[in-house]
Amino acid sequence: MNLSSYLARIGFRRAPRPNIATLRMLQRAHTLTVPFENLDVQLGRPLTTDVERAYEKIVLRRRGGWCYEQNGLFGWALAEIGFEVTRVAAAVMRTERGDDSEANHLALLVRSPDTDDAWLADVGFGGSLLEPIRLEERAHRHDPFRLGLRRLDDGHWQFWEDAGDGEFSYDFCPEPASESALARRCEYLQSDPGSAFVLNLVAQVRTPRRHTTLRGRVLTHREAGAERASTLRSPDQLVQTLAGVFGLDVPEVAECWPKIRERHLQLFGE
């Protein structure tokens, strides 16, 4: 990795040190700069868990990515700086989906030389977690989200977030992931016709207090106690919104408009 190029990509201008203060600043910088997005899945371009490909896409081509790319890249950068990084296989909404959800999310457990504690670091869950949180049962406020960690009876930890419309969560065990399981699930999520990532275009970005999501044609801005939504009307507006709101210059995504419009009709009707 060219670490200086990664740091420039996220706007981090300090000399990085392997301590918790730096970890907080790095996660905040990455989360506020790099959008979550699945445009390549919509365009039929294959994705992998290879961190070098994530570097090329996010740093050199200034794109965003999903969890396998973003947390893969972030974990690589942290390791280069001197943090101890464990790649963790998480299961999104395991309480509802069961074991079929195993490894459908990549998260990170991070330790630094200045503390014995483990910290959950995650820049690939859509932007709710603005800074890392200590691996302990506790609630936090990262506006517009309430979020935190709880221990489950089966030995898993559960990360949960709530922006006022109900909890969204993932469960994980604090141990190294099976890389083959992550690779298989990465392939499944971009190829199975029933995958939410195949069915729906998604882009997400946040500011310190606001979270913005584009899901198909619906653009939603959410702040603490307030939500505002609008519907995109054309492929040109889609391309302009991705560029202007999310910093994603991908004009070829206009090719996906018929599929996006059909999915919107299925969900919401005329």
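Above this note sits the structure.
Criteria and thresholds
- Residues numbered from 1 in each chain as written.
- Predicted model: local features only at pLDDT ≥ 70, side-chain atom pairs only at ≥ 80, totals over all residues.
- Heavy atoms only, no water.
- Helix = DSSP H or I, 4+ residues; strand = E, 2+ residues; numbered from the N terminus.
- Buried < 20%, exposed > 50% of the residue type's maximum accessible area, 1.4 Å probe, protein only.
- Contact = heavy atoms within 4.5 Å.
- Pairing = 2+ DSSP bridges.
- Salt bridge = Lys/Arg side-chain N within 4 Å of Asp/Glu carboxyl O.

Caption draft 1: Structural context of the overall build of the chain. The helix and strand inventory of the chain stands at ten helices and 13 strands. For the chain, the spread of C-alpha atoms along the three principal axes comes to 55 × 45 × 40 Å. Scored against the burial criterion, the 270 residues of the chain give a buried share of 51%. Restricting to contacts in the chain with at least 6 residues of sequence separation, those with at least 24 account for 56%.

Caption draft 2: Molecular detail of the pairing of strand β2 (residues 84-92). Looking at chain direction, β2 and strand β3 (residues 105-111) are connected through seven bridges and run antiparallel. Paired with valine 88 across the two strands is alanine 107, which belongs to β3. In the sheet, β2 pairs with strand β9 (residues 168-172) via three bridges, with the strands oriented antiparallel. Note that in β9 the partner of alanine 90 across the bridge is phenylalanine 172.

Caption draft 3: Structural context of the pairing of strand β13 (residues 226-231). With zero of six residues buried, β13 lies mostly on the surface of the structure. Examined bridge by bridge, strand β12 (residues 218-223) and β13 share six bridges and lie antiparallel to one another. Opposite arginine 222, over in β13, you have glutamate 227 as the bridge partner. The antiparallel hairpin formed by β12 and β13 contains two residues in its connecting segment, where glycine 225 sits at a positive phi of about 80 degrees.

Caption draft 4: Region of the structure containing the pattern of salt bridges. Applying the stated rule across the entire model yields 19 salt bridges. Its salt-bridge partner being glutamate 179, residue arginine 87 comes within 2.9 Å of it at the nearest N-O pair. With a gap of 92 residues between them, arginine 87 in strand β2 and glutamate 179 in helix α7 (residues 179-191) connect regions that are remote in the sequence. Put simply, arginine 134 and aspartate 117 hold a salt bridge, and the shortest N to O gap is 2.4 Å. Taken together, the residues arginine 134 in strand β5 (residues 133-134) and aspartate 117 in the loop between β3 and β4 (119-121) connect sequence positions 17 residues apart. Overall, the relative accessible area of 28% leaves arginine 134 in the partly exposed class. The class for aspartate 117 is partly exposed, based on a relative accessible area of 29%. When salt bridges with common partners are traced through the structure, they connect Glu37, Asp40, Arg45, Lys57, Arg63, Glu69 and Glu252 into a single cluster.

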